[in-house]
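For reference, the chains in residue letters:
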Amino acid sequence: MSDERIITVPLRITRITPRTKRANRAISEIRSHVAQHMKAEQSQIWIDTAVNEVIWERGIQKPPRKITVRAIKLDDGLVEVSLPVEQE
């Protein structure tokens, strides 16, 4: 049985890091936030390339302030992080 959640990750903390490291810090913040809420280890979290592209869309210096992601915890403990599917 897998567990699925829609999580909004605040990325305000990335503004206190140097400008040339903000997008990298945003990815780390997503990983730690999802690990905390899904009760998993950070090494067990897989982030989809679409999420990475949204973070890097405006460059390394200006990641978004927050991002909404879909986290699915599989039976083996792996957590997949992807963009939520929009319902029409």
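Residues numbered from 1 in each chain as written. Predicted model: local features only at pLDDT ≥ 70, side-chain atom pairs only at ≥ 80, totals over all residues. Heavy atoms only, no water.

Colleague: Residues and numbers for helix α1 (residues 22–38), please.
Modeller: Since the α-helix turns once every 3.6 residues, residues separated by three or four places project in the same direction. With 17 residues, α1 should reach 24 Å at 1.5 Å per residue; the first-to-last C-alpha distance of 24 Å fits that figure. Trailing α1 by a residue or two, lysine 39 shows a phi angle of about 55 degrees, which is positive. (Helix = DSSP H or I, 4+ residues; strand = E, 2+ residues; numbered from the N terminus. Expected span 1.5 Å × (residues − 1).)

Colleague: For the packing of α1 against helix α2 (residues 49–56), give the residues involved together with the corresponding values.
Modeller: In the contact formed by α1 and α2, the axes pass within 9 Å of each other and the chain directions differ by 140 degrees. Put simply, α1 runs oblique to α2. As α1 runs across α2, the sense of the crossing is right-handed. Taken together, the residues of α2 that come into contact with α1 (itself represented by Ala23, Asn24, Ala26, Ile27 and Ile30) are Val51, Asn52, Ile55 and Trp56. Among the residues forming the contact of α1 with α2, the class breakdown is seven nonpolar, two polar and no charged. (Axes fitted to C-alpha atoms, helices over the stretch in contact; angles between N-to-C directions. Parallel < 35°, antiparallel > 145°, perpendicular 65-115°, else oblique. Left-handed = near helix turned anticlockwise from the far one by under 90°. Contact = heavy atoms within 4.5 Å. Nonpolar A, V, L, I, M, F, W, Y, C, P; charged D, E, K, R; others polar.)

Colleague: Describe the nonpolar core, naming the residues involved and giving the relevant values.
Modeller: Counting residues in hydrophobic clusters, the biggest one holds 19 residues, and the most contacted among them are Ile30, Val34, Ile55, Ile67, Val69 and Val81. Put simply, the parts of the chain that give this core at least two residues each are β1 (3–10), α1, β2 (45–47), α2, β3 (66–73) and β4 (79–82). When sequence neighbours within four positions are dropped, the list of residues in contact with isoleucine 55 reads Leu11, Ala23, Ala26, Ile27, Ile30, Pro63, Pro64 and Ile67. (Core = buried A, V, L, I, M, F, W, Y, C linked by side-chain atoms within 4.5 Å. Buried < 20%, exposed > 50% of the residue type's maximum accessible area, 1.4 Å probe, protein only.)

Colleague: Any chance you could break down the pattern of salt bridges for me, citing the residues and the numbers?
Modeller: Inspection of the entire model under this criterion finds three salt bridges. Ionic pairing is found between glutamate 4 and arginine 70, a salt bridge with its closest N-O pair at 3.9 Å. Linking glutamate 4 in strand β1 with arginine 70 in strand β3, this pair joins segments that are 66 residues apart in sequence. (Salt bridge = Lys/Arg side-chain N within 4 Å of Asp/Glu carboxyl O.)

Colleague: Residues and numbers for the side chain of serine 82, please.
Modeller: Looking at where serine 82 falls in the secondary structure, it is placed in strand β4. Residue contacts for serine 82: discarding those within four places in its chain leaves Asp48, Val51, Val69 and Arg70.

Colleague: Please set out the confidence of the model for the protein residue by residue, giving values where relevant.
Modeller: Per-chain confidence: the protein averages 93 in pLDDT, with 97% of residues scoring 70 or above. Within the protein, β1 has the poorest average pLDDT of any element, 95, and β2 the best, 97. (pLDDT = per-residue confidence, 0-100.)

Colleague: Outline the environment of arginine 58, listing residues and values.
Modeller: Secondary-structure assignment places arginine 58 in the loop between α2 and β3. Judged by its relative accessible area of 53%, arginine 58 falls in the exposed class. With 35 residues separating them along the chain, arginine 58 and alanine 23 place their C-alpha atoms 9.4 Å apart. In contact with arginine 58, not counting residues within four places along its chain, are Arg15, Pro63 and Pro64. Looking at arginine 58, its side chain comes within polar contact range of the main-chain oxygen of proline 63, at 3.5 Å. (Polar contact = N/O pair within 3.5 Å; in protein donor to acceptor, adjacent residues only side chain to side chain.)

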